[in-house]
Amino acid sequence: DPGADASLCGMAATGASGTNAVRYGTMRPNVLNLRVVLPDGRLLHTAGPGRQPRKRAAGYDLTSLFVGSEGTLGFLTQATLRLHPLPEATAVTVASFPSVGAAVACTVQVLQAAVPVARIEFLDEVMADACGRFSRMGLPVAATLLLELHGSRHSLAEQQHQMEEIMRQNGGSSLAWAEGLEEREQLWSMRHNAWYAALALRPGCQGYSTDVCVPISRLPDVVVETKRDLQASGLTGPMVGHVGDGNFHCILVFNSQDPEEAQRIHTFTQRLGRRALAAGGTCTGEHGVGLGKRALLQEELGQEGLDTLRSIKAALDPHNLMNPGKVL
């Protein structure tokens, strides 16, 4: 369930994911084979032509090498994907919490209790307010979780009971569960419009999205610290995230014609990236390194890691034709 403007090979190129990643995984474990045009024009099938085994131990994992390569090693032109069956029953709900910390702590407990949640998305009170007004759904102005469960009708009832108990323990107030397709689509449409809802907070301004990812056990601390940092910085940055796999975003809305505000955005994003690294996480969970996170990539991998990446790049693209200057 990716963003509205995603393409399959584009998602593979950035190692992206979507709201269902907590249950079904990101692109990396779901790509079985890739057809790649190499910089010298040769055509590579990363698992061999026409092959799609569920697992393999034959040589280096070339598929994983190109997933997340951000166009620096070749053009991805075809992807063979793992499929998952549709569940017998699906239910979604919206839960409001007294604080950002309580909402994220609830997420951690859900995962530690091994509830097989399919989607668990976080909105801080600023984003909940923005999304509610933009999509005309009237969400409470509070830290919010959007949850979806998949399973048989019998197992779904058990999962709902578990979820409600954990939400109560964390001060959450849940709305009724919705199982109809129309209601579910309306809810997730609101979530997918979060980018536009954030931009509507400051018409005429631009948006910049961060995407750090940290271990689940560190997520509450990092989210709370980031919230305090946002408030102290005086930035407009509603928070939203795929917190089920430790990934969250600050959508920073700013006036690009104001150099001082642009500098504050840059300084904040560098602090955020380093906060994630200090917590044992990564500076980018699904958007990639591109140009803006090259310094953070070196801090994340170390010089040996970066040298290894450069060796791979030089071997496959000796003339530096593919996205020169990005990632490395």
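Everything quoted here is computed from the prediction, not taken from an experiment. (Residues numbered from 1 in each chain as written. Predicted model: local features only at pLDDT ≥ 70, side-chain atom pairs only at ≥ 80, totals over all residues. Heavy atoms only, no water.)

A.B. asks: I keep staring at unusual backbone geometry and nothing clicks. Help me out?
C.D. replies: The phi torsion of most residues other than glycine is negative, and most of the peptide bonds are trans. Within the chain, Arg136 stands out as a residue other than glycine whose phi angle is a positive 55°. Of note, Arg136 is situated in the loop between helix H6 (125-134) and strand S6 (143-151). On the basis of relative accessible area, Arg136 is assigned to the exposed category, the value being 79%. With phi around 45°, Asn323 is a residue other than glycine that occupies positive phi space. (Helix = DSSP H or I, 4+ residues; strand = E, 2+ residues; numbered from the N terminus. Buried < 20%, exposed > 50% of the residue type's maximum accessible area, 1.4 Å probe, protein only.)

A.B. asks: It is not clear to me how the sheet that holds strand S7 (residues 173-174) should be interpreted in this structure. Could you clarify?
C.D. replies: Sheets are built from strands that pair by backbone hydrogen bonding, the pairs being arranged parallel or antiparallel. Ordered in space as S7-S4-S6-S5-S9-S10-S8, the seven strands form an open sheet in which the pairing is antiparallel. Only two strands of the sheet have a single partner each, and these edge strands are S7 and strand S8 (206-209). Note: strand S5 (residues 117-123) against strand S9 (residues 239-242), two bridges, orientation antiparallel. Bridging from a neighbouring strand, Phe122 pairs with Gly241 of S9. Across the sheet, helix H10 (residues 219-233) lies against S5, S9 and strand S10 (247-254), angled at about 10° from S10, the strand it touches most. Lying over the sheet, helix H11 (residues 259-278) contacts S8 and S10, oriented at roughly 170° with respect to S10. (Pairing = 2+ DSSP bridges. Contact = heavy atoms within 4.5 Å. Axes fitted to C-alpha atoms, helices over the stretch in contact; angles between N-to-C directions.)

A.B. asks: Hey, could you run me through the sheet that holds strand S3 (residues 75-81) in this one?
C.D. replies: Strand order in the open sheet formed by three strands is S2-S1-S3, and the pairing between neighbours is antiparallel. One side of each edge strand has no neighbouring strand; the edge strands of this open sheet are strand S2 (43-45) and S3. When strand polarity is set aside, the average angle formed by the axes of neighbouring strands in this sheet is 15°. As judged from the six bridges shared by strand S1 (residues 31-37) and S3, these two strands associate in the antiparallel manner.

A.B. asks: Sorry, what's going on with helix H5 (residues 100-112) here?
C.D. replies: Owing to its 3.6 residues per turn, the α-helix aligns residues three or four sequence positions apart on the same side. Under the 1.5 Å per step criterion, the end-to-end length of H5 is 19 Å for 13 residues, consistent within 8% with the ideal 18 Å. Within H5, the full set of buried residues consists of Val100, Ala102, Ala103, Val104, Cys106, Thr107, Val108 and Val110. Positive backbone phi, at 60°, marks Ala114, one or two positions downstream of H5. (Expected span 1.5 Å × (residues − 1).)

A.B. asks: For this particular structure, what's the right way to read the pairing of S5?
C.D. replies: One face of the sheet, then the other: side chains in a regular strand alternate in exactly this way. With seven of its seven residues buried, S5 lies for the most part within the structure. By the bridge criterion, six bridges tie S5 to S6 in an arrangement that is antiparallel. Residue pairing across strands places Arg119 opposite Glu148, the latter belonging to S6.

A.B. asks: Would you explain the environment of Glu299 in this entry?
C.D. replies: Within the fold, Glu299 resides in helix H12 (residues 294-316). If sequence neighbours within four positions are ignored, Glu299 has contacts with Arg274 and Leu277. Here the side chain of Glu299 touches Arg274 through a polar contact of 2.7 Å, side chain to side chain. (Polar contact = N/O pair within 3.5 Å; in protein donor to acceptor, adjacent residues only side chain to side chain.)

A.B. asks: What should I look at first to understand the environment of Gly280 in this one?
C.D. replies: Mapped onto the fold, Gly280 is located in the loop between H11 and H12. Considered as a pair, Gly280 and Arg218 are 62 residues apart in the sequence and their alpha carbons are 8.4 Å apart.

A.B. asks: Even after reading the chapter, I still don't get the state of the cysteines, so can you show me in this structure?
C.D. replies: By definition, a disulfide is the covalent link that joins the sulfur atoms of two cysteine residues. This structure, assessed with the given rule, holds zero disulfides. There is no disulfide at Cys131, and the cysteine sulfur nearest it, in Cys250, is 14 Å away. Residue Cys205 stays outside any disulfide, its sulfur separated by 17 Å from that of Cys250, the closest cysteine. (Disulfide = S-S within 2.5 Å.)

A.B. asks: What should I look at first to understand the packing of H11 against H12 in this one?
C.D. replies: Two quantities define a packed helix pair, namely the angle between the axes and the distance from one axis to the other. Closest axis-to-axis distance for the H11/H12 pair is 11 Å, and the angle between their directions is 10°. When the interaxial angle is binned, H11 and H12 end up roughly parallel. Read as a crossing pair, H11 and H12 show a hand that is right-handed. Where H11 abuts H12, its residues Gln270, Gly273, Arg274 and Leu277 lie against Leu296, Glu299 and Glu300. (Parallel < 35°, antiparallel > 145°, perpendicular 65-115°, else oblique. Left-handed = near helix turned anticlockwise from the far one by under 90°.)

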